[in-house]
Amino acid sequence: LKKENYDVVISHYPFSSHIVASLIKNKYQKIKWISDFVDLWSLNHLYQFINFRRKIDEFIEIKTLKRSDKIITTERTFAKKMKKLHKRDISYIPHTTEQFEGPELVNKNVFETNNKSINIRYFGTFYQEMQSENFEIFIKAWSKLIKFHQDEIRQKKLILKLEFYGTKSLEISRLKSDKILGPTI
């Protein structure tokens, strides 16, 4: 840092990276610091320590992120929780886009393949509070894609598969009975 002129530091995971970024920001105050959260720190719904420990982590999180110029997360629900804890605006930038209209979705080259099947695999957990957001957006896009290209899919005899590996989800189980999506899941 002494030899180079950096404009921005971005901290992500593990949470200790935010502590390091906070120390850098403290020493080099002109550098902008963006702290990025894909998962929550002390407010994580999978937090496994006792409440006393959670309070300590909350304290450390608040003290650490006080110097951050911008806090971002990938989930709207996470942003709301963090805003309540940090008493400041938290930016929300989703991993998926909420705009599934236009030529990107219905591009005729989507199914140009010599393969007989297209498999999309997701490894991980769909947490209940997140399913209503990005998962629903993704499923709507997948459904639109299938509907728009259904003639091409039939003609090429393509087998489309969405495969989910991880914790069982009621939402995914429900989608299996859907007339259009069911055969692909």
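A quick note: this is a predicted structure, and the numbers were derived from the prediction, not measured.

Asker: Just to check I follow, could you spell out the pairing of strand β3 (residues 70-73) for this structure?
Answerer: Walk down a regular strand and you will see the side chains alternate between the two sheet faces. Both strand β2 (residues 32-37) and β3 contribute to a ladder of four bridges, which runs parallel. By the bridge assignment, Phe37 is partnered in β3 with Thr73. For the segment spanning β2, helix α2 (residues 51-65) and β3, crossover handedness is right-handed. Relative to strand β4 (residues 91-92), β3 runs parallel, the two being bridged by two bridges. Residue Thr73 lies in a different strand from β4, and its bridge partner there is Tyr92. Handedness of the β-α-β unit built from β3, helix α3 (residues 76-86) and β4 comes out right-handed.

Asker: So what exactly am I meant to see when it comes to the confidence of the model for the protein chain here?
Answerer: Detailed conclusions should not be drawn from predicted coordinates in areas where pLDDT is low. On average, the protein chain scores 80 in pLDDT, and the residues at 70 or more come to 77%. Looking at the elements of the protein chain, mean pLDDT is at its lowest for strand β5 (residues 117-123), recorded as 71, and at its highest for α2, recorded as 95.

Asker: What exactly am I supposed to notice about the sheet that holds β4 here?
Answerer: Neighbouring strands of a sheet are bound in pairs by backbone hydrogen bonds; such pairs are parallel or else antiparallel. Read across the sheet, four strands follow the order β1-β2-β3-β4 without closing on themselves; strand pairing throughout is parallel. Of all the strands in the sheet, the pair left with one neighbour each is β1 (8-11) and β4. Examined bridge by bridge, β1 and β2 share four bridges and lie parallel to one another. What sits directly across from Val9, in β2, is Trp33.

Asker: What exactly am I supposed to notice about the environment of Ile19 here?
Answerer: Looking at where Ile19 falls in the secondary structure, it is placed in helix α1 (residues 16-27). Measuring from C-alpha to C-alpha, the distance between Ile19 and Ile60 comes to 8.7 Å, with 41 residues separating the pair along the chain.

Asker: Before we go on, may I ask you to explain the pattern of salt bridges in this structure?
Answerer: When the charged atoms of two side chains with opposite charge come close together, those side chains can pair. Counting across every chain of the model gives six salt bridges. Two residues, Arg53 and Asp57, come together in a salt bridge whose shortest N-O distance is 3.4 Å. With Arg53 and Asp57 both in helix α2 and four residues apart, this pair spans about one turn of that helix. With a relative accessible area of 34%, Arg53 lands in the partly exposed category. With its nearest N and O atoms 3.5 Å apart, the salt bridge here joins Asp89 to Lys83.

Asker: Explain the packing of α1 against α2 to me, please; I cannot follow it from the model alone.
Answerer: At a minimum axis separation of 9 Å, α1 and α2 run at an interaxial angle of 35°. Two packed elements cross with a definite hand, and for α1 against α2 that hand is left-handed. On the side of α1, the interface is formed by His18, Ile19 and Ser22, while α2 contributes Ile60, Thr64 and Leu65. A class-by-class count of the residues in the contact of α1 with α2 yields three nonpolar, three polar and no charged.

Asker: For this particular structure, what's the right way to read the packing of aromatic side chains?
Answerer: Two descriptors summarise a pair of aromatic rings, namely the distance from one centre to the other and the angle between the planes of the rings. Across all of its chains, the model carries four aromatic pairs by this definition. Here the aromatic rings of Phe15 and Trp41 are separated by 5.3 Å at their centres, their planes lie at 5°, and the arrangement is stacked. Of the two residues, Phe15 is situated in the loop between β1 and α1 and Trp41 in the loop between β2 and α2; the sequence distance between them amounts to 26 residues. Site record: aromatic cluster; members linked through ring pairs are Tyr13, Phe15, Phe37 and Trp41. Positioned above the aromatic ring of Phe49, the side-chain terminus of Arg53 is 4.0 Å from the ring centre.

Asker: I would appreciate a short explanation of the nonpolar core in the present structure.
Answerer: Within soluble globular proteins, side chains that are nonpolar tend to cluster in buried spots. Within the largest apolar cluster, 16 residues are counted, with the highest numbers of intra-cluster contacts made by Phe37, Leu65, Ile71 and Met82. For this core, the elements supplying multiple residues, two or more each, are β2 and α3. If one sorts the elements of this core by residue count, α3 sits on top with four residues. Those residues in contact with Ile71 that sit more than four places away from it in its chain are Ser35, Phe37, Leu65, Met82, Arg88, Ile90 and Ser91. One finds Phe135, Ile153, Ile172 and Leu175 within the second-largest nonpolar core, a separate group that totals 13 residues.

The rules behind each value
Residues numbered from 1 in each chain as written. Predicted model: local features only at pLDDT ≥ 70, side-chain atom pairs only at ≥ 80, totals over all residues. Heavy atoms only, no water. Pairing = 2+ DSSP bridges. Helix = DSSP H or I, 4+ residues; strand = E, 2+ residues; numbered from the N terminus. Right-handed = clockwise from strand over helix to strand, strands pointing away. pLDDT = per-residue confidence, 0-100. Salt bridge = Lys/Arg side-chain N within 4 Å of Asp/Glu carboxyl O. Buried < 20%, exposed > 50% of the residue type's maximum accessible area, 1.4 Å probe, protein only. Axes fitted to C-alpha atoms, helices over the stretch in contact; angles between N-to-C directions. Left-handed = near helix turned anticlockwise from the far one by under 90°. Contact = heavy atoms within 4.5 Å. Nonpolar A, V, L, I, M, F, W, Y, C, P; charged D, E, K, R; others polar. Phe/Tyr/Trp six-rings, centres within 6.5 Å; stacked < 30°, edge-to-face > 60°. Lys NZ or Arg CZ within 6 Å of the ring centre and 35° of its normal. Core = buried A, V, L, I, M, F, W, Y, C linked by side-chain atoms within 4.5 Å.

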